[in-house]
Amino acid sequence: KAFKPSILRDVIYTILRFIQVAELQEVLCEFLMKLSSQALNHKEKATELSRHVNAIVTGLVPLALSKTKGKNFPSVSLQIIQQLVFNSDHVQIIESIKELDPLPDDPIFSVILKEQQRIKGKRSLGQEISSFLKKKVNQGRHVLHATKIARLNYLKTQLKSKRNEMNEMLKREEHRALIDEFIWELIKECSPQNEDDVKYAAGECLGEFGAVDPYAIAFFFSSAISTDVDILLEGKIQLLDKLNAYLVDSDIKTIQIASSTLKQVLITPSGTSALEKLKSSGSDFILPFVSKNSSRPNAVAPNLSLPKPLEIHLDQLWDVSQKTYSTWICGLSYSLTKVTADEVFKICNSMCNYRSDFAEFLFPYLMLDVILDPKNKKVIQMISKKISEWLLSDKNHSDEVTSLILKTLNFLRRHKLEKGKLFYDGDIWSHIDLLDVASKAQMCSAFFTSLQYAELWCEKQFGGLESPDTASSPRFEKIMLDAYSNINEPDGIYGLQSRNYSLESQIITYEHEGHFSKTLGAYDMLMHRMGEDVKNASGLLNSLQSLGHWNTLDLYLKGMSSKNPSVYSELSEFQYRNAWQECNWNFELTKEGQILSLEGKEEEGVNFNNRAYVALRALNEKDSSSFWTTLKQAKLNVVKNIGLVSAESTKNIYPALVKLQFFDEIEDGFYIAESKDKNTISNQLKELQSQWDDRMFLVKNNFELFEPILTLRGVLTQTILKKEEEKVPFLRDHFLNFSKLARRAGKFQLASNSIYQLKSQLNLNSDAACQLEEANILWSMGEKDKAISLVKWLAKRNPPSSSKGNAKNSETLASIVFYLGKWLSQTRSEGSNQAKDSLLEASELYSTAPQLCKAYFTLAKYSDSLYEGLMAKMKSIEFTTSQKLRSHKERELEKCNQLLSKGNNANKQDLARHIKLLERQTELDHQENLKLREDKKKFLNDAVSFYIKTMQFGDKYDIRAMFRLCSLWFNNHSEENINQFLDKVEIPSRKFLPLIYQIASRMNASEKSSFQKILNQIITRVCLDHPHHSLYQLFALSNGDRVDGSTRGGKNRFSVDKDKIKAATMIISQLSTSKHSELIREMQSMIDGYIDLAFLDASEKKKETGPIAMKSSLRNIKRQQLVAVPTVNLAIDPNCDYSDIPFVNGFSSSFKLVGGLNLPKLIECYDSKGTVYRQLVKGHDDLRQDAVMQQIFQLVNNLLYENAQTRKRRLKIRTYKVIPLTPAAGLLEWVENTIPIGEYLIGSAKNPKEGAHSRYRSRDKTSNECRKDLTAATENNRFRKYTEICEQFKPVFHHFFLENFHDPAEWFEKRLNYTRSTASNSIVGYIVGLGDRHSQNILIDKSSAELVHIDLGVAFEQGKTLRTPEVVPFRLTRDIVDGMGITGCEGVFRRCCEETMNVLRANHQALITIVEVFIHDPLYRWALSPLQALGLQREDDDINVEGNLEENAASSTGNTDAERALLRLKQKLLGYEYGEALTVEGQVNQLITEAQDVEKLCCMFPGWAPWI
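Notes on the structure follow.

The rules behind each value
- Think of each chain on its own: its residues are numbered from 1, step by step along the sequence as written.
- Local features are withheld for residues below a pLDDT of 70 in this predicted model, meaning they are given only at 70 or higher, and side-chain atom pairs are given and counted only at 80 or more; totals for whole chains, interfaces and linings count all residues.
- Only hydrogens and water are set aside when side-chain values are computed; all heavy atoms of the structure are taken into account.
- The helix and strand labels rest on DSSP assignments: H or I over at least four residues marks a helix, E over at least two residues marks a strand, and numbering proceeds from the N terminus.
- Atoms counted for the radius of gyration: C-alpha only. Globule rule: 2.2 Å times residue count to the power 0.38.
- Each residue is assigned to one of three classes by its accessible area relative to the maximum for its type, calculated with a 1.4 Å probe on protein chains only: buried under 20%, partly exposed between the two thresholds, exposed over 50%.
- Contacts between residues were defined by any pair of non-hydrogen atoms, one from each residue, lying within 4.5 Å.
- For every accessible area listed, the method is Shrake-Rupley and the probe measures 1.4 Å; residues are considered covered only by the protein chains on display.
- His is not counted, nor are the chain ends, whereas Lys and Arg count as positive and Asp and Glu as negative.
- Taken as the charge centre is NZ of Lys, CZ of Arg, CG of Asp or CD of Glu, depending on the residue.
- Counted as salt bridges are all cases of a side-chain nitrogen of Lys or Arg within 4 Å of a carboxyl oxygen of Asp or Glu.
- Side-chain rings of Phe, Tyr and Trp (the six-membered ring for Trp) are treated as a pair once their centres are within 6.5 Å; stacked means planes under 30 degrees apart, edge-to-face means over 60, and tilted covers the remaining angles.
- Two limits define a charge over a ring: the Lys NZ or Arg CZ must be within 6 Å of the ring centre, and within 35 degrees of the ring normal.
- Interaxial angles span 0 to 180 degrees and are taken between N-to-C directions of axes, which are lines fitted to C-alpha atoms, for helices over the stretch in contact.
- Under this scheme an angle from 65 to 115 degrees is roughly perpendicular, one under 35 degrees roughly parallel, and one over 145 degrees roughly antiparallel; angles in between are oblique.
- Here is the rule for handedness: rotate from the far helix to the near one, and if that takes an anticlockwise turn smaller than a right angle the crossing is left-handed, while a clockwise turn gives right-handed.
- Under the scheme applied here, ten amino acids are nonpolar (Ala, Val, Leu, Ile, Met, Phe, Trp, Tyr, Cys and Pro), four are charged (Asp, Glu, Lys and Arg), and all others, including Gly, are polar.
- Strand pairing follows a simple DSSP-based rule, namely that at least 2 bridges must link the two strands.

**Let's talk about the overall build of the protein chain**
Step number 1: Across its full length, the protein chain carries 70 helices and twelve strands.
Step number 2: Since a compact globule built from 1508 residues should have a radius of gyration of about 35 Å, the 37 Å found for the protein chain is in line with a globular shape.
Step number 3: Projected onto the principal axes, the alpha-carbon positions of the protein chain cover approximately 140 × 90 × 75 Å.
Step number 4: Residues counted as buried form 56% of the 1508 residues belonging to the protein chain.
Step number 5: Look at the contacts in the protein chain between residues 6 or more apart in sequence, and 74% of them connect residues 24 or more apart.
Step number 6: As displayed, the protein chain has an accessible area near 65,400 Å², and 50% of this comes from carbon and sulfur atoms.
Step number 7: Taking the 193 positively charged and 190 negatively charged side chains of the protein chain as two groups, their mean positions are separated by 2 Å.

Right, here's the structure in full:
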């Protein structure tokens, strides 16, 4: 019986609770020894004991460490721990030992620690972090102080020893959520409730990580309550969990109240229901508390002596000022248990009265239960008034109370009222001013909550997300501006600037943008107006510091020290920063330093730069005692500040994390400086610098944030190394790297300062690398002529012979000639040979693959640009005219010669002279044409050759190089020398994968040419190396004639040319005899099954909503040994090893119809690892264009990721797999957890009342009524009719985010995801001319809020050829804008559009090349057929998730529209709109204006629903 779960737990925790009592220690240790011994000899008992191993060990550790003389319990405690660790063969005990908390670093545990490490085995850093987080969740707050310290110290050693692994985790997006959660848990350990040593240990771990993701919006989202469970029932489930945890509390009274409360709760029906749904591992501990009495007595509150609760209307109950938070919340929740009608909550009155943490947990549920009772109307209104008067007013100065009331109000907002009413129509909100809530949230740094309530206030005030102007509501404007200024998001603040042009507002914007030269001027004006106060002086000095004007800053401060000492002392941080940066360790002896010492004594140790200065000075002076005292205090100060920061303020958390990293690096430097072996100091510093370099990828992303750390590294180098000859090489590398990082971040003054220090401090005036960096700074600043002149001079001063035997000099010289060639190629300031020769010389001097890859790519681009320029010239009107004139002169010469040969011409001499003139002219023309042809051939050969070499030496430029190479090859496929290049040189096969379909589509079995031979060789090699990525394309071609006869538009409109079918079939046949013969057999069988299902006639089952039995060979396919799930994105393996991928294990026996014209079928595919994938099988539809568009989107994503600005905003296009299997059938990856925005807004055809418009604006017109009105409108009254529709149909899409994301931080981040996703999709969609964007063709992901565009059959401006032409560039209707929040298109959306357009325009050549390869694909026709155009705009309501595209058949006119599509694409990428060249900002503004233009929207096809 003792080993029953609940009894054993009670016994163990009772022992552990009293084991600290001296008189009981001996007997309890002996008892625990017997208990564990007995359990370890019995399997079931050992299993039960395993659940408490961690508690037993951590409870015994203090006893084992005890030094009490004459007592046996320390050794018995150690024996018990050893017994559990060493003498168990039970799996569950071993698993518990693996997860055991780290033991203290003491000799008595050394053997145990080794054994535990052996049992744990090697674990990755990710596993260690996951284990830490798991313990935090499972054990909650019941963790001993010593255990907390041990855990955190163990984590620090893991982070230190696995820095390389940590860096790899930081680089990969899939680890982001784990790292964010880990950092947030560490931040929580820094809270004021914890002891200083726990905070310090947590800070040590945070310092190892530093600011890992400077662009994270939020760390932590509250755990969402399931929407499938009743909210109050969910609360009761959590209540049982809490009461269960209290049963093992250290406080006896807590256990007593919890047990009696639990017993009474489980008598109630709702308590029993909650127990049935309780899924935690501790539910079996609760079962003994369930009453066995079948009659079920009435539940009553525990019979404990309790004070009389205060009446709920009394002010003293709500007054926070005279009580501690614990007393206040216990009293308020206790009184609410008397008002609530719920019997479970009534029973919890004792618990609320005694435990503040329980009272805090139950408070929101008590409030909800009160407002759910319709009898409580007056009580609810009274509570509303009390909240407004006492908790949301100036009477409340407690952040804890404010946090609780904000959490409670957020919780109550989820209570849905009857249809047509919003949450603030409820009685609880009757006296609450939502702007007061926003203001109160801001006071405790809950900036997301503040924004949310400010927007909700607008909705309540104005009936929608309409922002008031600044004059009418300055308080609202200030709340919004302050919130956006403190949120770690770069664009939102611009949404407010259009309404506020004050000097203060401009300063906020300038500082936000990093335009400190403008900020400097603004502060100067502000100080002229307001005087020299601390705030303005600090802002001005910060501007000087950010600009790198250190000497000016120093002079200003010296002047202020005499003129205004009180303000000067407040600005001590700037002086101390200057001092440690300049290694001025005697600063405090100066006049200014003495002023600061006198003024700042009381606050010693508070300021960051002050502590940095003192610590570095101690390091320099080898004062170990002062160093460690200062460092520990400095870290503790930072950690304490972190503990006070709100979870909704990542912008303030990251600078603090950088400070911890800063002090960690000082500590690393001190260990080296204190090294006993002075001969190894230099080597140790090299190793430390190597570790710094490994983290450099983080610094590149946010130079300004990490700049103090970069500066510190130079100071440490100067301080640690005492010998001048040792310093120089280290400092040279440091200053050069600092300059490069500053230059790339646009901080040219800081970069120049660094070069100046190289020259003045290290006397490196003639150092070539230093001067090359100076040239780079000049180039970046736009002084291109000076930059070129400098590198030319450097090239002359440093001939190749000067670098022999010196690898570093050789690399520098290579870089000099590389930049000379690169810059000459870009400016075209000299002949083409000069640039080419310089780049070739660089490629000969470079020694590493990345450098060679860069050099060859630059050469390839230059040769390509010369080739393109020549081709453009040969296509020009001028060249055509000159060729006509040449032909005319040749004919004239021929006639003159004929006349002269007759010999009877009187003017024979004149004729001869004229002939000579014509001969000279025609010879010159001939020589010019010959040179043009030779240059064309030479430039083409060079471009192809260098692109090939680029891909041989690296992967960095693969997309641009491969697409351009293929474009040149396809356009010159008859040039034998080009074919020979590709025949002789082997490019890694994986690099052809992005274009395998386009390469394969150019096969032709009847053509016997070297082009076809090489084409087939490449395809065969790619298929052999990467079969899962390439074979489907071949099978799709070989199935080119498998078109079902019922396909509308006719079989021939879909079919592929027979020669291509034959060529694909031949390669498949060859591969069938290779190592992949069995794979091809399995794949062929599966593809046949998919095609059978695609063409299966399901018209009779059209109205079926449930599963339909599958009558296809696909259902008979069982475990495939070699075929991967086709809709899974497999990573491309450079080693071509695909042995460990999930294979197809079978398919569901049924399918579902998801609606749509051609009735696509939804099926399930199972893989060998047990994962289920849903797939959409489509027949009578050509998916080839959809597949191409997905390819283009993926390539655009690569471009967006390469750019720092779009990468930090995480801008991308959501893609999904599209696999054509025949010209009229294919397979799509089902996009999980999404809903069409149209379905959310207006419901489905079957349930229109489920739409948000019906739920939130039931009095508005329905969407169907709007459609009928617009359809019936004539051309003359269309605009007026559409305007009326808009007045009677208001947007509601912002409710999607309020409904799905309840936590304000999550609400903000997901809405931000949506806005960014809308921006990137809009601009990319506009560039590729994507049409047919009705509201059912745009899905929204319900978990990430990203948009997913489907049905991509109308592209490259095809929408403009429809019966009702599409006249807007993308969908930016009122509901789409409503989802973006109160700033609408301004701020985030506009800036993200501009950044996306910036990337596309900057990469216009690459993008044009990419699209050119696609649109010249012989399989595609970029014009709609008449039948297809009619099908797109049919006048019925059969619009659904699958869209309304009929067929993507090729038009009979051939591919004549490709050039027109490409020309329009070029115009867009160059910024031409209506013949006028626009800036990026101008182009984006015009597109946004057009997309919202009512005159254009009213002309859209009614089925497109422009009112939604």
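**Digging into unusual backbone geometry**
Step number 1: The phi dihedral of K622 is positive, around 55 degrees, even though this residue is not glycine.
Step number 2: Tracing the chain through its elements places K622 in the loop between α34 (608-620) and α35 (624-644).
Step number 3: Residue K622 is classed as partly exposed on the basis of its relative accessible area of 39%.
Step number 4: The backbone phi angle of A1505 is positive, close to 55 degrees, even though this residue is not glycine.
Step number 5: Summarising the element assignment, A1505 is placed in the segment after α70 (1494-1497).
Step number 6: Since its relative accessible area comes to 7%, A1505 is described here as buried.

**Examining the pattern of salt bridges**
Pairing is possible between side chains of opposite charge, provided their charged atoms come close.
Step number 1: A full pass over the atoms with the stated rule returns 79 salt bridges.
Step number 2: Among the ionic pairs, D864 bridges to R964, the shortest N-O distance being 2.5 Å. Of this pair, D864 sits in helix α46 (residues 849-875) while R964 sits in helix α49 (residues 958-971); the two residues are 100 residues apart in sequence, bridging distant segments of the chain.
Step number 3: Residue classification places D864 among the buried positions, given a relative accessible area of 6%.
Step number 4: Between E1202 and R960 there is a salt bridge whose closest N-O contact spans 3.0 Å. Here E1202 is found in helix α56 (residues 1184-1202), whereas its partner R960 is found in helix α49, with 242 residues between them in sequence.

**Considering the packing of aromatic side chains**
Step number 1: Counted by the stated rule, this structure contains 48 aromatic pairs.
Step number 2: When the ring of F423 is compared with that of W429, the centres are 4.9 Å apart and the planes differ by 80 degrees; the resulting orientation is edge-to-face.
Step number 3: Judged by relative accessible area, which is 14%, F423 ranks as buried.
Step number 4: Measuring from centroid to centroid gives 5.6 Å for F662 and F663, while their planes differ by 90 degrees, and the two rings are edge-to-face.
Step number 5: Assessed through its relative accessible area of 0%, F663 is described here as buried.
Step number 6: When the ring centre of F345 is taken as reference, the NZ or CZ atom of K236 above it lies at 5.5 Å.

**Thoughts on the packing of helix α11 (residues 176-189) against helix α12 (residues 196-209)**
When two helices pack together, you describe them by how their axes are tilted relative to each other and by the distance separating the axes.
Step number 1: Two elements in contact, α11 and α12, have axes separated by 8 Å at closest approach and are oriented at 150 degrees. Here α11 lies roughly antiparallel to α12, going by the angle between them. α11 and α12 meet at a crossing whose hand is left-handed. Two secondary-structure elements touch here, α11 through I179, F182, I183, L186, I187 and E189 and α12 through V198, K199, A202, C205, L206 and F209.
Step number 2: Of the residues in the contact of α11 with α12, the class split is ten nonpolar, no polar and two charged.

**Side note on the environment of Y1472**
Step number 1: Relative to the assigned elements, Y1472 resides in strand β11 (residues 1472-1473).
Step number 2: Each C-alpha atom, one on Y1472 and one on Q1483, is 8.0 Å from the other, the two residues being eleven residues apart in sequence.
Step number 3: Non-local contacts of Y1472, meaning those with residues more than four positions away in its chain, are made with R1464, Q1467 and A1477.

**What to know about the pairing of strand β3 (residues 1150-1153)**
Step number 1: Burial along β3 is one-sided: the residues F1151 and L1153 are buried and none of S1150 and K1152 is.
Step number 2: Taken together, the two bridges between strand β1 (residues 1108-1109) and β3 define a ladder with antiparallel strand orientation. The partner of A1109 across the bridge, within β3, is S1150.
Step number 3: Sheet analysis places β3 next to strand β4 (residues 1161-1167), joined by two bridges and oriented antiparallel. Each residue of the ladder has a partner; that of L1153, found in β4, is K1161.

In short, the description is geometric, and any link to function would need to be established separately.
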